[in-house]
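These are the residues of each chain, in order.
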Amino acid sequence: MAVSITLRNIIKKYGDKAALNNVTLGVEKGHIHAVIGTTGSGKSTLLRVIATLCVPSLGSGYINGLNLGARQNQIRQQIGYMSQDSRFEESLTLMENLILQGKLHGIAEADLLNRISGFVSRFEMIDKLHSFPREVSYGTRRKMEFIRAVLHNPTILLLDEPTASLDLGCKELMETFLREQKLRFTTVIISSNIDQVERIADRISILDEGRVVAEGTLKELKETEQENRIVDLTLSETHERDFNILDASPHVSSYSVQGNHYEIITEADVSPESITSLFSDRIVQASQRLPSLSDIFKRMVKAEVIHE
Amino acid sequence: MNNVLAALWHRELIIYRRQFITAGIMPILTGLIFFFMFFLPYKTLLPVQEMERVIPALVLDSLLLTLLITIYETTARFYWETQRSNGMASLYEMGRYHRQPSFFIAQAIISLSKGFVHLIVVWAILIFLTEMSFERINLQASIVFILLGALQIVSLSKIIGLLAKHVDSLSKFLYVGLLPIMMISGLFLVKGAPLENIAEIAFYLPPYNWMAGLDAAFLRGTIDYGFLLICLIESVFLLWLSATFFHLDGDS
């Protein structure tokens, strides 16, 4: 399949700090590519580089065959961008905001009104159209921004946390739209909702401190962890010495702690009993499972809760 | 270009209608208040013959003030909002109009149109109130200088809008920069012979050199080609400068 987005060795520096450090990325046409990472890992900068809103310090890229460094205006015509912040002309109603964007993109009025009507009925927002942005809920604003991003029929869709803080209904509406229309768009989505990423993404990149630390399909990423198992332990009480016990155990690769819950990574051939036996008198619940994307993510990034 | 002009025109009209008191009434009122602030004391101090020479000068100053405030507020604020604010910059950039000549020109046309509408309203009110005679005014020359002056204000406003880091800076530039320079230029401290009262620097200082030419056209009914040449050169220079700033802006 044709590649829509290609980034090669992109470096973006702000002063001495590298927001992106040698990032290479390829997104095939019609794919949904998710980018996950901790706060400040460079996800939004990556999206802004693709959107040509941010000029890389080094590296090259092509969007639908157009050079990122030289053809910004042609690239922008093909991009629908939904930023993380809520952005509206506050003096205009939501409808007027949509009309303004449509007109700026050169859509004829009749066609524009048809498109708006189709989108707002699909996203259940007809009664909100003539409200001002300040008068509607955050979820409505986000849905409107989503509509605005797709209004001019872009081929590339860049979504920065599109469903963060939205209720389940809103999330489902957007996800369903993305799944149904996925062949129309090449989508890059930043999401901190790992479940959502598992549901909709064809490929996933994990970003940490500006570097891509892992990239692949969900299956491929899970295969990198197939040698590992997760033992989930809930204890009646925890002690300081637990850390010493876990650190000393040859069966434990790493572990994380949340309250009375221990998440212990072991090799696949380690039996769960060899772990549970370490805390036998205090175990409330114990189970073993394959690593999820969330576990892989936690392993890949330098999260403080992980003890190696 | 048509798309951009239509879209921005639509936006401006809606916002203008919704914010009519601040965007429409206030600039017009500022010009009128300025006029009466000087007119009433002069009227009590000066004889009638002297007043006939002072009134056109005060009318001219009120028109300049109205034009300056309207164009500056429209242009600088718009440029700051669309190019600088975290809220809207990316949105307009993604609309492909960031650094596009069509965006630049469309906005200039809108600012000039609003400026001239306000100017005509103030002018009409003052003619009605003062029963001022048109006989001595060289209208053709006046229009040329007003147009060049307005272009200079548009250019400066664009540069300021693009340079301002915070929206508050826009008012600072106006009230600490542009207005005081306009006031001390001498045009606003007239008594009978305005041209002689203009500070020498105002002849060369954009965007005020055009006032000198306008002053001659408006008050003496003559066209000064020397001023016109300086004014043309400085208008072209400022337009080029603002276009360059506009073009270079945006590489974050």
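Residues numbered from 1 in each chain as written. Chains lettered and ligands numbered in written order. Predicted model: local features only at pLDDT ≥ 70, side-chain atom pairs only at ≥ 80, totals over all residues. Heavy atoms only, no water.

Let's talk about the overall build of chain A
The helix and strand tally for chain A stands at 11 helices and 15 strands. Over its C-alpha atoms, taken along the principal directions, chain A stretches across nearly 70 × 45 × 40 Å. Counting every position in chain A, which comprises 308 residues, the buried fraction comes to 52%. Working note: accessible area of chain A is about 13600 Å², and carbon and sulfur atoms make up 47% of it. Mean positive and mean negative side-chain charge positions of chain A (35 and 41 charges, respectively) differ by 8 Å. (Helix = DSSP H or I, 4+ residues; strand = E, 2+ residues; numbered from the N terminus. Buried < 20%, exposed > 50% of the residue type's maximum accessible area, 1.4 Å probe, protein only. Areas by Shrake-Rupley, 256 points an atom, 1.4 Å probe, with all protein chains shown as cover. Lys, Arg positive; Asp, Glu negative; His and termini not counted. Charge placed at Lys NZ, Arg CZ, Asp CG, Glu CD.)

What to know about the overall build of chain B
Helices and strands together make up the secondary structure of chain B, namely 10 helices and zero strands. Tracing chain B from N to C terminus, the helices and strands come up as α-α-α-α-α-α-α-α-α-α. In chain B, the share of contacts with a sequence separation of at least 24, taken over all contacts with a separation of at least 6, comes to 80%. Accessible area for chain B stands at about 11200 Å²; split by element, carbon and sulfur atoms hold 69% of it. (Contact = heavy atoms within 4.5 Å.)

Quick notes on the side chain of K143 of chain A
Residues and elements named next belong to chain A. You can see K143 is positioned in helix α5 (residues 138-150). Of the side chains with opposite charge, E124 lies nearest to the buried K143, which makes no salt bridge, at 5.1 Å. Dropping the residues within four chain positions of it, K143 is found in contact with F123, E124, M125, C170, L173 and M174. (Salt bridge = Lys/Arg side-chain N within 4 Å of Asp/Glu carboxyl O.)

With respect to the environment of E234 of chain B
All names here are of chain B. You can see E234 is positioned in helix α10 (residues 225-248). Residue classification places E234 among the buried positions, given a relative accessible area of 16%. Each C-alpha atom, one on E234 and one on L148, is 9.1 Å from the other, the two residues being 86 residues apart in sequence.

Focus on the nonpolar core
What tends to happen in soluble globular proteins is that the nonpolar side chains get buried as a cluster. Membership of the largest hydrophobic core comes to 57 residues, with the highest contact counts inside it found for V59, W123, W210 and F218 of chain B. Mapped onto this core, the elements with two or more residues apiece are α2 (20-45), α3 (48-84), α5 (101-130), α6 (139-163), α7 (168-184), α9 (209-220) and α10 of chain B. Per-element accounting of this core gives the leading share, 17 residues, to α3 of chain B. Of all hydrophobic cores here, the second largest spans 47 residues; its members include L98, F146, L166 and M174 of chain A. (Core = buried A, V, L, I, M, F, W, Y, C linked by side-chain atoms within 4.5 Å.)

Structural notes on a nonpolar patch on the surface
A grouping of F20, I21, I25, M26, L29 and I33 of chain B is seen on the molecular surface, where their side chains present a nonpolar patch of about 540 Å² in accessible area. Position of I21 of chain B among the secondary structure elements: in helix α2. (Patch = residues over 30% accessible without salt bridge, like charges linked within 9 Å, V, L, I, M, F, W, Y side chains within 5 Å.)

Describing α2 of chain B
Residues and elements named next belong to chain B. In a regular helix each residue adds 1.5 Å, so 26 residues correspond to 38 Å; α2 covers 36 Å between its end C-alpha atoms and thus fits that length. Most pronounced at M26, the bend in α2 amounts to some 35 degrees, and the proline P27 follows within four residues. Taken together, the buried positions of α2 are occupied by G24, P27, I28, G31, L32, F34, F35, F38, F39 and Y42. (Expected span 1.5 Å × (residues − 1). Bend = angle between axes of the 7 residues up to and from the residue.)

Quick notes on the packing of helix α3 (residues 94-104) of chain A against α5 of chain A
Residue and element names in this part refer to chain A. Contact geometry for α3 and α5: axes closest at 10 Å, N-to-C directions at 20 degrees. With respect to α5, the axis of α3 lies roughly parallel. Remark: the crossing between α3 and α5 carries right-handed chirality. Along its contact with α3, which presents L94, N97, L98 and Q101, the element α5 presents T140, M144, I147 and R148. Across the contact of α3 with α5, the residue classes tally to four nonpolar, three polar and one charged. (Axes fitted to C-alpha atoms, helices over the stretch in contact; angles between N-to-C directions. Parallel < 35°, antiparallel > 145°, perpendicular 65-115°, else oblique. Left-handed = near helix turned anticlockwise from the far one by under 90°. Nonpolar A, V, L, I, M, F, W, Y, C, P; charged D, E, K, R; others polar.)

Here's the deal with the environment of L25 of chain A
Tracing the sequence through the fold places L25 of chain A in strand β2 (residues 17-28). Residues L25 of chain A and E215 of chain A, spaced 190 residues apart in sequence, show a C-alpha to C-alpha distance of 8.8 Å.

Here we look at the environment of L178 of chain A
Residues and elements named next belong to chain A. Relative to the assigned elements, L178 resides in helix α6 (residues 168-180). Under the relative-accessibility criterion, L178 is labelled buried at 4%. Spatially, the C-alpha atoms of L178 and V35 are 16 Å apart, while their sequence positions differ by 143 residues. Ignoring anything within four residues of it in the chain, the contact list for L178 reads I32, F146, L157, L159, T187, I189 and I200.

Overview of the pairing of strand β6 (residues 79-82) of chain A
Residues and elements named next belong to chain A. Both faces of β6 are covered, namely the face carrying I79 and Y81 and the face carrying G80 and M82. The sheet contact formed by β6 and strand β7 (residues 156-160) spans four bridges and is parallel. Counterpart to I79 in the pairing with β7 is I156. (Pairing = 2+ DSSP bridges.)

Observations concerning unusual backbone geometry
All names here are of chain A. A positive phi angle, near 65 degrees, is found at T52, a position not held by glycine. Counting through the fold element by element, T52 comes out in the loop between α1 (43-50) and β4 (58-63). With a phi angle near 50 degrees, E161 is a residue other than glycine that sits in the positive phi range. Here E161 lies in the loop between β7 and α6.

A word on the packing of α2 of chain B against α5 of chain B
Describing two packed helices takes the angle between their axes plus the distance from one axis to the other. Residue and element names in this part refer to chain B. Two elements in contact, α2 and α5, have axes whose closest approach is 10 Å; the angle formed by their N-to-C orientations is 40 degrees. Between α2 and α5 lies a crossing of right-handed hand. Together, A23, G24, P27, I28, L32, F35 and F36 of α2 and H118, V121, V122, I125, L126, L129 and T130 of α5 make up the contact between the two elements. For the contact of α2 with α5, the class distribution of residues is 11 nonpolar, three polar and no charged.

Details of the pattern of salt bridges
Inspection of the entire model under this criterion finds 19 salt bridges over all chains. Between D111 of chain A and R115 of chain A there is a salt bridge whose closest N-O contact spans 2.9 Å. Of this pair, D111 of chain A and R115 of chain A both sit in helix α4 (residues 109-122), four residues apart, which is roughly one turn of that helix. Assessed through its relative accessible area of 33%, D111 of chain A is described here as partly exposed. Among the ionic pairs, E175 of chain A bridges to R199 of chain A, the shortest N-O distance being 2.7 Å. Here R199 of chain A lies in helix α7 (residues 194-200) and E175 of chain A lies in helix α6, a separation of 24 residues in the sequence. Accessibility expressed as a relative area gives 45% for R199 of chain A, which makes it partly exposed. Salt bridges linked by common partners bring E89 of chain A together with R11, E12 and K114 of chain B together as one network.

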